[in-house]
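If you want the building blocks of each chain, they are given just below.
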Amino acid sequence: LSILPDVKKAAAAIRGHWSVENSLHWVLDVTFDEDRNRVRRGEASENLAVVRHVALNLLKKEQTLKKSIKKKRFKCAMSNEYLTKVLAGAI
């Protein structure tokens, strides 16, 4: 016996999935300029994507600075103290 899929539920689930995918891609592109990455050797592009995801997650986790991810990333570049605070979130 097979159950016919509920088209509306399936469509909502698919839209929900792509909404998450598109918003993640947008954040990575705006914050890390991911679309302009031209690294193509071996697994380098996949490795850099993992590093960007980890960095994004650490920046989101750090809550003391109430700024955008892009501004938090810039602050990490300018302040070793803030960078240490963000990286401490990984422990």
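Description of the structure in this document. Treat the numbers as computed from the prediction; the structure is a model and nothing was measured. (Residues numbered from 1 in each chain as written. Predicted model: local features only at pLDDT ≥ 70, side-chain atom pairs only at ≥ 80, totals over all residues. Heavy atoms only, no water.)

## A word on the overall build of the protein chain
For step 1, the next point in the chain: Of the regular secondary structure elements, the protein chain holds four helices and zero strands.
For step 2, the next point in the chain: Listed by position from the N terminus, the elements making up the protein chain come as α-α-α-α.
For step 3, the next point in the chain: The C-alpha radius of gyration of the protein chain comes to 18 Å, more than 25% above the 12 Å expected for a compact globule of 91 residues.
For step 4, the next point in the chain: Seen through its principal axes, the protein chain has C-alpha atoms that stretch 60 × 35 × 25 Å.
For step 5, the next point in the chain: Counting every position in the protein chain, which comprises 91 residues, the buried fraction comes to 21%.
For step 6, the next point in the chain: Here the contacts in the protein chain between residues at least 6 apart in sequence split such that 38% fall between residues at least 24 apart.
For step 7, the next point in the chain: Here the protein chain has roughly 7,400 Å² of accessible surface; of this, 61% comes from carbon and sulfur atoms.
For step 8, the next point in the chain: When the 18 basic and 10 acidic side-chain charges of the protein chain are each reduced to a single mean position, those positions are 6 Å apart. (Helix = DSSP H or I, 4+ residues; strand = E, 2+ residues; numbered from the N terminus. Rg over C-alpha atoms; globule rule 2.2 N^0.38 Å. Buried < 20%, exposed > 50% of the residue type's maximum accessible area, 1.4 Å probe, protein only. Contact = heavy atoms within 4.5 Å. Areas by Shrake-Rupley, 256 points an atom, 1.4 Å probe, with all protein chains shown as cover. Lys, Arg positive; Asp, Glu negative; His and termini not counted. Charge placed at Lys NZ, Arg CZ, Asp CG, Glu CD.)

## Quick notes on the packing of helix H2 (residues 44-61) against helix H3 (residues 69-78)
For step 1, the next point in the chain: Between H2 and H3, the least distance of the axes is 10 Å, while the angle of their chain directions is 100°. In terms of orientation, H2 and H3 fall into the roughly perpendicular class. Two secondary-structure elements touch here, H2 through Leu56, Leu59 and Lys60 and H3 through Ile69, Lys72, Arg73 and Cys76. (Axes fitted to C-alpha atoms, helices over the stretch in contact; angles between N-to-C directions. Parallel < 35°, antiparallel > 145°, perpendicular 65-115°, else oblique.)

By themselves, these observations are geometric and do not establish any function.
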